[in-house]
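# Chains, contacts and geometry: an overview
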Number of protein chains: 2
Amino acid sequence: MTTSTTSSVHPRPAADVASWDHEADVVVAGYGVAGASAAIEAARAGADVLVLERTSGWGGAAALAGGFIYLGGGTALQRACGFEDSPATMQAFLTAALGPGVDGAKIEAYCQGSVEHYDWLVDCGVVFKPEFFGEPGWESVGDEGLMYSGGENAAPFTAVATPAPRGHVPQMANKRAGEKSGGYMLMKPLAETVAALGVRAEHDVRVQTLVTDPDGRVVGVIAKQYGQEIAVRARRGVVLATGSFAYNDQMVQSFAPLMAGRPGSAIEEHDGISIRMGQAVGADLAHMDAAEVAIHCDPQLMVRGILVNGRGQRFVPEDTYPGRIGQLALFQQDNQVFLVVDEAGYAAAAASPTATRHLRRKPTWVCETVAELEAEMGLVAGALESTVELYNRYAVTGEDPLLGKKAEWVKPLTGPFAAIDLRGATSGFTLGGLRTTVDSEVLHVSGEPIPGLFAAGRCTAGISAGGYASGASLGDGSFFGRRAGRSAAGTRTAAGTSTAAHPRAEAEPSLG
Amino acid sequence: MTTSTTSSVHPRPAADVASWDHEADVVVAGYGVAGASAAIEAARAGADVLVLERTSGWGGAAALAGGFIYLGGGTALQRACGFEDSPATMQAFLTAALGPGVDGAKIEAYCQGSVEHYDWLVDCGVVFKPEFFGEPGWESVGDEGLMYSGGENAAPFTAVATPAPRGHVPQMANKRAGEKSGGYMLMKPLAETVAALGVRAEHDVRVQTLVTDPDGRVVGVIAKQYGQEIAVRARRGVVLATGSFAYNDQMVQSFAPLMAGRPGSAIEEHDGISIRMGQAVGADLAHMDAAEVAIHCDPQLMVRGILVNGRGQRFVPEDTYPGRIGQLALFQQDNQVFLVVDEAGYAAAAASPTATRHLRRKPTWVCETVAELEAEMGLVAGALESTVELYNRYAVTGEDPLLGKKAEWVKPLTGPFAAIDLRGATSGFTLGGLRTTVDSEVLHVSGEPIPGLFAAGRCTAGISAGGYASGASLGDGSFFGRRAGRSAAGTRTAAGTSTAAHPRAEAEPSLG
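Residues numbered from 1 in each chain as written. Chains lettered and ligands numbered in written order. Predicted model: local features only at pLDDT ≥ 70, side-chain atom pairs only at ≥ 80, totals over all residues. Heavy atoms only, no water.

Below, the discussion takes up the overall build of chain A. What chain A contains, in helices and strands, is 14 helices and 21 strands. Structurally, chain A occupies a C-alpha span of about 75 × 45 × 45 Å along its principal axes. Residue burial in chain A is summarised as follows: out of 512 residues, 64% are buried. For chain A, the proportion of contacts with a sequence separation of at least 24, taken over those separated by at least 6, is 74%. With an accessible surface of roughly 17000 Å², chain A has 50% of that area assigned to carbon and sulfur atoms. (Helix = DSSP H or I, 4+ residues; strand = E, 2+ residues; numbered from the N terminus. Buried < 20%, exposed > 50% of the residue type's maximum accessible area, 1.4 Å probe, protein only. Contact = heavy atoms within 4.5 Å. Areas by Shrake-Rupley, 256 points an atom, 1.4 Å probe, with all protein chains shown as cover.)

Quick look at the interface of chain A and chain B now. Taken together, the contact between chain A and chain B spans 46 residues of the former and 46 residues of the latter. At the surface where chain A touches chain B, the tally comes to two salt bridges. Residue Arg276 of chain B pairs with Asp284 of chain A through a salt bridge whose shortest N-O separation is 2.9 Å. Inspection of the chain A/chain B interface yields 20 residue pairs in polar contact (both at pLDDT 80 or more). Of all the secondary structure elements, the ones that give two or more residues to the side of chain A that touches chain B are α7 (249-255), α8 (273-280), β12 (285-286), α10 (322-332) and α13 (383-395) of chain A. Tallying contributions element by element places α13 of chain A first for the side of chain A that touches chain B, with six residues. Classifying every residue of the side of chain A that touches chain B gives 21 nonpolar, 15 polar and 10 charged. (Salt bridge = Lys/Arg side-chain N within 4 Å of Asp/Glu carboxyl O. Polar contact = N/O pair within 3.5 Å; in protein donor to acceptor, adjacent residues only side chain to side chain. Nonpolar A, V, L, I, M, F, W, Y, C, P; charged D, E, K, R; others polar.)

Residue and element names in this part refer to chain A. In strand β3 (residues 49-52), alternate side chains face the same way, and those of Val49 and Val51 on one face and Leu50 and Leu52 on the other are all buried. Direction of pairing for strand β2 (residues 22-29) relative to β3: parallel, over a ladder of four bridges. Its bridge partner lying in β3, Val27 is registered against Leu50. By the bridge criterion, three bridges tie β3 to strand β8 (residues 200-202) in an arrangement that is parallel. Note that in β8 the partner of Leu50 across the bridge is Arg200. (Pairing = 2+ DSSP bridges.)

With that settled, consider the relation of the copies chain A and chain B. Under the fitted operation, chain A is carried onto chain B by 0.0 Å of movement along the axis and a turn of 180 degrees, and the coordinates agree to an RMSD of 0.0 Å. Interpreted geometrically, this transformation is the action of a two-fold axis. Taking C-alpha positions as reference, the residue of chain A nearest the rotation axis is Gln332 of chain A, located at 2.2 Å. Here 100% of the interface residues in chain A have copies in chain B that are interface residues too; the copies meet face to matching face. (Least-squares fit on C-alpha atoms with pLDDT ≥ 70 in both.)

Residue and element names in this part refer to chain A. The residue Asp400 is located in the loop between α13 and β17 (417-421) in this model. Accessibility expressed as a relative area gives 7% for Asp400, which makes it buried. Looking at Asp400, its side chain comes within polar contact range of the main-chain nitrogen of Lys405, at 2.8 Å. Residues contacting Asp400, with those up to four places away along its chain left out, are Arg314, Lys405 and Val410.

So, about the packing of helix α1 (residues 33-44) of chain A against helix α14 (residues 472-489) of chain A. Any two packed helices are characterised by how steeply their axes cross, that is the angle between the axes, and by the distance between the axes. Residue and element names in this part refer to chain A. Between α1 and α14, whose axes approach to 7 Å, the crossing angle comes to 35 degrees. With respect to the hand of their crossing, α1 and α14 are arranged in right-handed fashion. Within the contact between the two elements, α1 uses Val33, Ala34, Ser37, Ala38, Glu41 and Ala42 and α14 uses Leu474, Gly477, Ser478, Gly481, Arg482, Gly485, Arg486 and Ala489. For the contact of α1 with α14, the class distribution of residues is six nonpolar, five polar and three charged. (Axes fitted to C-alpha atoms, helices over the stretch in contact; angles between N-to-C directions. Left-handed = near helix turned anticlockwise from the far one by under 90°.)

Here the focus is the confidence of the model for chain A. All names here are of chain A. Here chain A shows a mean pLDDT of 93. Residues at 70 or above account for 93%. Below a pLDDT of 50 lies the segment residues 493-512, which in the model reaches 39 contacts outside its immediate sequence neighbourhood of four places, other chains included. Interface confidence in the predicted complex, given as ipTM, is 0.93; pTM for the same model is 0.94. (pLDDT = per-residue confidence, 0-100.)

In this section: unusual backbone geometry. Following Gly415 of chain A, the chain continues to Pro416 of chain A via a peptide bond in cis, the omega torsion being -5 degrees. As for its placement among the helices and strands, Pro416 of chain A is situated in the loop between α13 and β17. The omega torsion across Gly99 of chain B and Pro100 of chain B is 0 degrees, close enough to zero to call that bond cis. Its location among the elements puts Pro100 of chain B in the loop between α3 (87-97) and α4 (104-112). You will see that Asp334 of chain A, though not glycine, has its phi angle at about 55 degrees, which is positive. Structurally, Asp334 of chain A is set in the loop between α10 and β15 (337-342). Of note in this structure, Tyr226 of chain B is not a glycine but carries a positive phi near 50 degrees. In this structure, Tyr226 of chain B sits in the loop between β10 (218-225) and β11 (228-240). For Tyr226 of chain B, a relative accessible area of 66% corresponds to the exposed category.

Take helix α3 (residues 87-97) of chain A next. Along an α-helix, residues three or four positions apart point the same way, because every turn accommodates 3.6 residues. All of the buried residues along α3 of chain A are Met90, Phe93, Leu94 and Ala97 of chain A. The arc enclosing the buried residues of α3 of chain A, seen along the axis, measures out at 95 degrees, which places them on a common side. (Arc of directions from axis to C-beta.)

A few words on the pattern of salt bridges. Residue and element names in this part refer to chain A. Per the stated rule, a full pass over the model turns up 50 salt bridges over all chains. Salt-bridge contacts for Arg483 lead to Asp439; the nearest nitrogen and oxygen are separated by 3.9 Å. Residue Arg483 is found in helix α14, and its partner Asp439 is found in the loop between β19 (433-434) and β20 (441-443); the two are separated by 44 residues along the sequence. A single burial state applies to Arg483 and to Asp439, both of which are buried.

In this section: the sheet that holds strand β16 (residues 365-367) of chain A. Residues and elements named next belong to chain A. Within the open sheet, the four strands sit side by side as β14-β15-β17-β16. Their pairing is antiparallel. Taken across any chain shown, the strands that pair with only one partner, and hence form the sheet edges, are β14 (306-309) and β16. Each adjacent strand pair in this sheet contributes to an overall mean axis angle of 25 degrees, direction not counted. By the bridge criterion, five bridges tie β15 to β17 in an arrangement that is antiparallel. Following the sheet pairing, Val340 is matched in β17 by Ala419. Packed on one face of the sheet, helix α11 (residues 343-351) meets β15 and β17 and runs near 95 degrees to β15.

Rendered as structure tokens:
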């Protein structure tokens, strides 16, 4: 219990804490993928670990996610599926696809450590089926373990780096029955590993603010449990891992206003509290405008048509990562997008055994000619006609010089035609957050780590600076979550480059 | 002098300050438009004011700017030039043009107070010539005082609010000789007003961090002058007004990476230090990705042609505010833009007496046919042809249904044709910064004002959330600068809505 009766994000001086309700070497806030990974590594480093979770169970947004983990550089799964990859190739792709403005050191560490991270996940009990799913889709339809998940095999990235699929999906026991997501099959073994290590967890705990000593070192957390304020002492360090700010309306309005009113693929607990707590002790932020954006349409349908904006113009190769389509739609096309297909393409998509059933959409308009269709759609007469003419002119030979859609999906569009209204059909979650080192130390605006404070997952700016690939969040959340756990426990990663520069983060806690 | 020998952005406890080198009721950091406006109002409210300026003179970025001040709602200048306007019309325009995500309370206060603010500037000695400049351009060519400066009279905003010009430009004594900018003619009378009020100024002073008392109240500033650290006590409040972070590479990379390497219209002193100092005491931020973007081409040339992206597609009405063209080019078209004109249009622009001479550009390519031109430009064969065909189809009757360019600038393009390469021809400055109230109190991440801390100008998120209009920065910098001065002096604005909610900001300083 503390001397204060009201909670606030203002940091609490340790001197104001009358007594500690809980104590541990490492206190982890949030039991999603980043928190679980941090807990495992901190415990393995010999720390006594306590996880504080707002809900009544483990899982976070991760357990509800599709389960992609973005890994590469030549993982055992990639090799088993017959794909070559290297850390350098992966790094070239991520630098292009997730930028501009990526944290180069973080991307490099992530790519260099990716093979080992895959092995670590397998060692924790995560199962990946060595089978590749190569059809357009948001997720594999079966329980295949590997898939393209960032547009690696589509223009313009094929010119940047040799394509390799890096979307690693934990195998589901009974996916077609819809029982559990790949994210659940990731979190279950991680949570079991956490438990087997003797890590304690307190549930129904909402963290409120950090406790600091007079030197500014973070030595604990103030939280609320069952309406009561509790004080939790962290002898070595606090790891913040409570997720994004997608459901904090004020923050979304201030930092990512295009996302206002369209959160998705995140859970309502994503209220940005970790970011707020960090800011209150002077933590820096990065890429607060970045967001993952989904477009709600079956990729099988999209590849067979052309996507046009409100002026009837194409803007994206329709066979790329659908999340890239969503981002371009929202950020560059004012959320004004239509899919134009012909009857043959629509029928083929509907008949596809790998269609994403819940994202199938019925035509909004059907017409015999493009001229009739553009009139129905409210487009300028002639605009869509000239777009279709240019597309068809090259499609007869399977080419798409304008945007580089792969030949297998390029066919002239012939009547009858249909269009699907995708205006506003986007949702997603925020990617920006606390600025951290490659060792998951939270950086003060001075540029130095804040002693005792670590963070990972979507409350941090991770490997993305704006662009996205499915699996980047579970990927950097688990990868840098592990590093947060090790750093908080006082064990530094060999690959860590910030160790020498920031000796303070290695010092023993001032409140032992 | 202080007990510390090294400076850092970490806030300094007042107890660590051995002695104060300077003292004042209100300490203003930065002698640009926001700082000068703050100093005037604080002094008029009876406060003893000290301005700390990094350079050896007054002016800041403002004195080097074109001088637009975005004002409206029916100013004396608007009325003298025969234009009707109202605060509601102005508010509707700004909400659409500067959004999404604008601070509604700030926009409302700004529009409601705009007429009074114009009168205040005139009362300070700023001269506006009651003449309207109606030609396309970045600035008026002569010394006219009023101009459209945000696309008010162009699509799509004509459908949002009745157009009124709101770019107010101080009259230059000898503009054609290029002696002094409109910004200088704004700053000179403001600086004279500051001096006449007995405000002191210390020059060659670089602020480093804030001094706080044990309750978190800001009570002073640590700075460097001639290499020595000095401590400056603020008995009532500190006003931060040192400008944007356009020249802070790390911040640009973290928050606005598309602006990396292209700062412009700002001065190198814009290093983000006020934002850093605020963050270090837990201040919140907003709209850190927002930026003003200029495109380096004479608007007289642009209106007579068509602007196309790297796919040969039009994307903007060429007769809108050129800053909007710049923003769309950089943020939505990947900085890939070309201007296509015909010989007649090029010659007419070159002959225009209102051309912006230093932004005239020679054709990059000249060809007899569009087919030849698109080949020279490296565009997909047929792409530009279909764009020109569609444009010409409507242009014969003076229409532009695709983008709504005004009839006076719509003419069919006929050969010979020229294209100007505008790829990468953008630059600008950042618009995001500290989150403040309508009374220019700096907000803590808790949502409450930080006692004793105020800010205005481009170190704050002002009326823009992303969009821009020329004059918005000198406009909100001076407007909310005045409020910062009044708030710091302890005098609240009648229009202030946050007064009652934040009684702490009115409290007497704890170190009197």
